[in-house]
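A look at the structure
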Amino acid sequence: MSKTARADWWKKSVIYQIYPKSFRDANGDGVGDIRGIIEKLPYLKDLGVGVAWLSPIFASPMIDNGYDTSDYTAVNPLFGTMADAEELFEEARKRDIRIVLDIALNHTSTQHPWFVNASAHGDKRDWYWWREGRCGAAPNNWQSIFGGPAWSQTDDGSFYLHLFDKSQADLNWENPAVRRAIHDAMRFWLDKGVGGFRLDVVTVISKEPDLRDVIDPRPAPLYRHIAGGPRLHEFLREMRREVFAHYDCVAIGEAPGVDPERASKLVDPADPMLDMIYHFDLVAMNPIIGGDWDRVAFKRIFSTWDKGIGPRGWNSVVVSNHDLGRISSRFGDGSPESAKMLLTLVLSQRATPFIYQGDELGMINAPFATLDEIDDVWAKTTYRLAREKGLSEADAFARTVAMTRDHARTPFQWNASANGGFSEASRTWLNVNPNHATLNAAAQTEDVNSVRAWAKHLIALREDPLWVFGAFEDLAPGDPDLFVYAREHQGRRAIVALNLRDEAKPLPAYVPAHAPLLRNVDGALDMLAPWEARIVGA
Ligand code: GLC
C-alpha cells in the first residue's frame with residue numbers, strides 16, 4: 001500500500017454504471033453476473049468509457065438488489081466468485097478501465113451477522129440504532145424513504161432504525177468499531193486494485209443521537225430533514241485519512257438532501273473528504289411519463305451546481321441511474337433523437353458524466369402489465385401502502401408503474417435474439433423489453449447514425465479539454481423550450497443548442513447559423529428541429 005499523489009483521471013473519464021443483475025448473464029441462470037461483465041469489457045472499451053461503476057456485488061439476500069449487504073468482503077454467489085471479481089479487475093486494468101464499487105455503508109441487511117449478533121443482544125448491540133417504543137408505537141415519527149415507519153421491531157419488541165426497507169438496518173456510525181469495520185472492507189477491495197467507491201446515501205450516515213421527531217414527516221423524503229448530520233464531516237475526513245488518502249482512487253458520494261453550498265464543503269480540495277458527489281436535484285425531477293415538466297427549473301439546476309461547486313471542487317452529471325425511469329422516457333419521448341439530445345446534455349457539461357447502462361442505446365421504460373412483472377422492493381411497498389389507503393388495484397398499480405425503479409433495471413439489450421442476447425435462460429429475472437427486436441446494441445453498432453454511435457462520438461469529444469474544463473454559461477436561462485449554453489476554454493468557445501421540445505423552434509440570433517460541428521438531425525439551419533442537439537464552434 002503506497003501513498004500515491006491523487007490524480008484527477010476521474011474528471012476526464014466518462015463513468016458508465018453497470019447494474020450487474022441486468023448487464024449480461026454468462027452462466028445462463030437468468031441473472032447477470034461478473035463473467036458477463038468480463039465478456040463485455042471490449043464493448044465498454046469501444047464506447048470509450050474510462051470507469052465502470054458496478055452496483056453492489058457483495059453478498060446480499062438481494063431484497064434491495066445488493067443495497068442490503070450481508071458481507072462486505074464476500075462476492076455475492078449469484079454474481080460469481082472472488083476469483084471472477086479478481087479476473088474482472090485485472091481484465092479491466094489491462095484495458096485502462098477502472099472499476100468503482102458501490103458500497104451501501106449507511107445500513108446492512110438484517111441478515112448480516114453483525115445485525116444477527118446485535119438483535120440477540122451480543123457484543124455488537126451498539127452497532128445499530130435501538131430505541132424503546134413510545135407506548136408501543138415507533139420511537140419517533142420518521143417515515144422510511146420507501147414508505148411506512150422507519151422503525152421495525154425484533155422478536156423481543158426492541159425497535160431498530162431503518163431509513164429504507166425493514167431489511168436494511170441503519171448502522172450506528174457513532175460507534176468507532178463500525179467505522180473501522182467499514183474502513184477495513186474498503187481497504188480490502190482497494191488492495192485488490194479497484195479504482196474507488198460510490199458511497200451509497202453517504203450524507204445520512206451521521207445522525208443527531210437523540211433522533212428527534214422531524215417537524216412534518218410528510219411532504220419531503222426523510223433525507224431532506226436529516227442529511228448532513230453533525231459528525232458527517234468528521235466521519236468523512238477520517239475515512240479519507242484512514243482509507244482514500246493511501247490509494248489512487250476516487251470517492252463518489254451519493255448525496256441526497258444537500259444543496260451546492262453544503263456539497264461544496266464535501267468536495268473542497270483544501271479540506272478533502274470526497275472527490276465528487278452526485279446531488280438529487282435532477283434525480284428528484286421525475287416527471288410522469290409523457291407529462292409536462294419545468295424546463296426552466298431543469299436548466300437552473302445545471303447553472304446552480306456549476307456556480308455552486310465550480311472548477312475548484314468538481315461536479316458530476318447524473319440524470320439517470322438504476323433508481324429512475326429511463327432518461328429518454330422522462331425528459332424525451334423515447335425517440336432516438338430525444339435520446340441523442342439528452343446524451344449531448346449529459347456529455348457536454350463541466351462535470352464528470354455518468355451514463356447508465358443502456359442509455360447509450362436510448363433504452364426506454366418497460367411496458368409493465370402486471371404486478372408480478374415487478375421486483376423492486378420500493379415499488380412493492382408503494383403498491384401495498386396504496387392498497388391499504390383504499391386505492392383500487394388498478395389505481396395502485398398505475399401508481400406503482402409510474403414510480404418503479406425496474407424501468408431502468410430490465411436486462412440490457414445486446415441483440416435481437418431471444419432475451420435480447422442478455423441470457424440463454426428460459427426466464428430472466430425481469431422481462432427483457434420486447435422492443436429489443438429493433439432496439440439493441442448489435443444493430444446500433446452497425447449503424448453510423450445510431451444513438452450508440454452518437455454517444456461514442458460525444459465521449460471521444462471529451463478528449464478535448466474544452467469539454468472537460470471549459471467554463472459553462474447558460475445563454476438563455478429563461479427560455480422555456482431551448483437549453484443553449486457556451487463552453488469556453490483558453491480562448492476557444494463552443495455553443496451547445498438543445499431543443500427540449502418535440503416541435504421545431506427558430507434558432508435564436510445568438511447561435512451562429514453557420515455549419516455546425518455536430519447535429520443529430522438534418523434540415524434547415526435556421527431552425528432547431530424537434531429534439532435537436534447542435535454543437536457550433538470550438
Ligand atoms: C441508494 C441506492 C438505491 C437503494 C438505496 C438504499 O439510493 O441507489 O438503489 O435502494 O440507496 O440503499
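Position labels on residues start from 1 in each chain and follow its written sequence. Under the rules for a predicted model, residues below a pLDDT of 70 receive no local features and side-chain atom pairs below 80 are neither given nor counted, while totals for whole chains, interfaces and linings still include all residues. To get the side-chain values, all heavy atoms of the structure are used, and hydrogens and water are removed first.

1. A short note on the overall build of the protein chain
Counting from the N terminus, the helices are DSSP H or I runs at least four residues long and the strands are E runs at least two residues long. Across its full length, the protein chain carries 17 helices and 22 strands. Principal-axis analysis of the C-alpha atoms gives the protein chain an extent of 75 × 55 × 50 Å. Residues are treated as being in contact if the distance between any of their heavy atoms lies within 4.5 Å. Restricting the contact set of the protein chain to residue pairs at least 6 apart, pairs at least 24 apart contribute 69%. Of the roughly 20,200 Å² of accessible surface on the protein chain, 52% is carried by carbon and sulfur atoms. His is not counted, nor are the chain ends, whereas Lys and Arg count as positive and Asp and Glu as negative. Charge positions come from single atoms, namely NZ of Lys, CZ of Arg, CG of Asp or CD of Glu. Side chains of the protein chain carry 60 positive and 73 negative charges; the gap between the two charge centres is 3 Å. The accessible surface values rely on the Shrake-Rupley method and a 1.4 Å probe; as for residues, cover is taken only from the protein chains in view.

2. As for the side chain of R405
Looking at the element boundaries, R405 is found in the loop between α14 (393-403) and α15 (441-446). The class for R405 is buried, based on a relative accessible area of 4%. Non-local contacts of R405, meaning those with residues more than four positions away in its chain, are made with D64, F146, H322, D323, D376, V377 and W378. Here's how the labels work: a residue is buried when its accessible area is under 20% of the maximum for its type, exposed when over 50%, partly exposed in between, all with a 1.4 Å probe on protein chains only.

3. A few points about the confidence of the model for the protein chain
Confidence per residue, as judged by the predictor, is encoded in pLDDT with a range of 0 to 100. Of the residues in the protein chain, 98% reach a pLDDT of 70 or more, and the chain-wide mean stands at 95. By mean pLDDT, the top-scoring element of the protein chain is strand β6 (residues 107-109) (99), and the lowest-scoring one is helix α7 (residues 222-226) (90).

4. Notes on the sheet that holds strand β14 (residues 316-317)
Taken in spatial order, the eight strands make up an open sheet running β13-β12-β11-β5-β2-β1-β15-β14, and their pairing is parallel. The open sheet terminates on both sides in strands that have one partner only, identified here as β13 (276-278) and β14. Pairing between two strands requires that DSSP report at least two bridges joining them. Pairing analysis gives four bridges linking strand β1 (residues 15-18) to strand β2 (residues 51-54), with the strands arranged parallel. Note on β2: the bridge partner recorded for Q17 is W53.

5. Regarding the site of the ligand
Nearness is defined per residue: one heavy atom within 4 Å of the molecule or strand is enough. Every one of the 14 residues lining the ligand counts as a neighbour, but D64, D200, H322, D323 and R405 are closest to it. Separating an oxygen atom of the ligand from a side-chain N or O atom of E254 is a distance of 2.9 Å. Any N or O atom pair separated by 3.5 Å or less is treated as a polar contact, with the protein-specific requirement of one donor-capable and one acceptor-capable atom, and with residues adjacent in sequence counted only for side-chain atom pairs. D323 places a polar side-chain atom, nitrogen or oxygen, 2.5 Å from an oxygen atom of the ligand. Compared with its free state, where it exposes 310 Å², the ligand has 97% of that area covered by protein. Considering only residue class, the shell around the ligand consists of four nonpolar, three polar and seven charged. Each residue gets one of three labels, nonpolar for Ala, Val, Leu, Ile, Met, Phe, Trp, Tyr, Cys and Pro, charged for Asp, Glu, Lys and Arg, and polar for the others, Gly among them.

6. Here's the deal with the sheet that holds strand β17 (residues 482-489)
Spatially, five strands are ordered β16-β17-β18-β22-β20 in an open sheet, and the strand pairing comes out antiparallel. Each end of this open sheet is capped by a strand with a single partner; those strands are β16 (471-474) and β20 (518-519). Across two bridges, β20 lies against strand β22 (residues 533-537) in antiparallel orientation. Paired with L518 across the bridge in β22 is I535. Axes here refer to lines fitted to C-alpha atoms; in helices the fit is confined to the stretch in contact. Angles between the N-to-C directions go from 0 to 180 degrees. Together, β16 and β17 form the strand contacts of helix α10 (residues 295-309), whose direction differs from that of β16 by roughly 145°.

7. Here we look at the pattern of salt bridges
In the sections that follow, a salt bridge refers to a side-chain nitrogen of Lys or Arg positioned within 4 Å of a carboxyl oxygen of Asp or Glu. Applying the stated criterion across every chain yields a total of 44 salt bridges. As a salt-bridge pair, R24 and E424 come within 3.6 Å of each other at their nearest N and O atoms. With a gap of 400 residues between them, R24 in the loop between β1 and α2 (34-39) and E424 in the loop between α14 and α15 connect regions that are remote in the sequence. Judged by relative accessible area, E424 falls into the exposed class, the value being 58%. When salt bridges with common partners are traced through the structure, they connect D292, R295, D481, R501, E503 and K505 into a single cluster.

8. Regarding the environment of R98
With respect to the helices and strands, the residue R98 is situated in strand β5 (residues 98-103). With near-sequence residues (within four places) excluded, R98 lies in contact with W9, G50, V51, A52, G195 and D248.

9. Observations concerning the domain arrangement of the protein chain
Per the domain assignment, the segments of the protein chain are domain 1 (9-109 + 175-371 + 405-461), domain 2 (114-161) and domain 3 (468-537). All domain edges in this entry derive from an automatic or database-based domain assignment. When each unit is reduced to the centre of its C-alpha atoms, the spacing between domain 1 and domain 3 is 28 Å. At the interface, 29 residues of domain 1 touch 29 residues of domain 3. Note: buried area is the sum, over both parts, of the accessible area (probe 1.4 Å) each one loses when the two are combined. Note on domain 1 versus domain 3: buried area summed over both sides is about 2,400 Å², and carbon and sulfur give 68% of it. For the interface between domain 1 and domain 3, the tally reads 10 residue pairs in polar contact (both at pLDDT 80 or more). Those elements that provide at least two residues to the side of domain 1 that touches domain 3 are α1 (9-12), α10, α12 (336-347) and α16 (451-461). Within the side of domain 1 that touches domain 3, the residues separate by chemical class into 11 nonpolar, eight polar and 10 charged.

10. Quick word on α16
Among all positions in α16, only V451, R452, W454, A455, L458 and I459 are buried. Looking straight down α16, one finds its buried side chains confined to an arc of 160°; they lie on one side. The inward-facing, buried residues of α16 abut α3 (41-47), α12, β15 (352-356), α15, β20 and β22. Throughout, the arc means the angular range of directions from the helix axis out to the C-beta atoms.

11. Here's the deal with the nonpolar core
General note: in soluble globular proteins, nonpolar side chains tend to be found buried as a group. Among the nonpolar cores identified, the biggest contains 119 residues, and Y16, L44, L101, L105, M186, F197 and L199 are the most heavily contacted of them. Not counting residues up to four positions away in its chain, the partners in contact with L44 are Y16, I18, F23, V49, A52 and I97. In plain words, nonpolar cores are sets of buried Ala, Val, Leu, Ile, Met, Phe, Trp, Tyr and Cys residues tied together by side-chain atoms within 4.5 Å. Ranked by size, the runner-up nonpolar core spans 37 residues in total, among them A150, L211, M276 and V283.

12. Thoughts on the packing of aromatic side chains
Ring pairs shown here join Phe, Tyr and Trp side chains whose ring centres sit within 6.5 Å, with only the six-membered ring taken for Trp; geometry is labelled stacked below 30 degrees between planes, edge-to-face above 60, and tilted in between. Applying the stated rule across the entire model yields 32 aromatic pairs. Taking the centre distance of 6.2 Å and the plane angle of 85° together, the rings of F89 and W189 count as edge-to-face. Remark: W189 occurs in helix α6 (residues 176-190) and F89 occurs in helix α4 (residues 82-94); sequence separation between them is 100 residues. Under the relative-accessibility criterion, W189 is labelled buried at 0%. With a centroid separation of 5.0 Å and 75° between ring planes, the pair formed by W293 and F298 is classed as edge-to-face. Side by side, W293 and F298 carry an identical accessibility label, which is buried. A ring is scored as having a charge over it whenever the NZ atom of a lysine or the CZ atom of an arginine sits within 6 Å of its centre and within 35 degrees of its normal. The ring centre of W414 lies 4.1 Å from the NZ or CZ of K40, which sits over that ring. Over the ring of W130 we find R125; its NZ or CZ atom is 3.8 Å from the centre of that ring.

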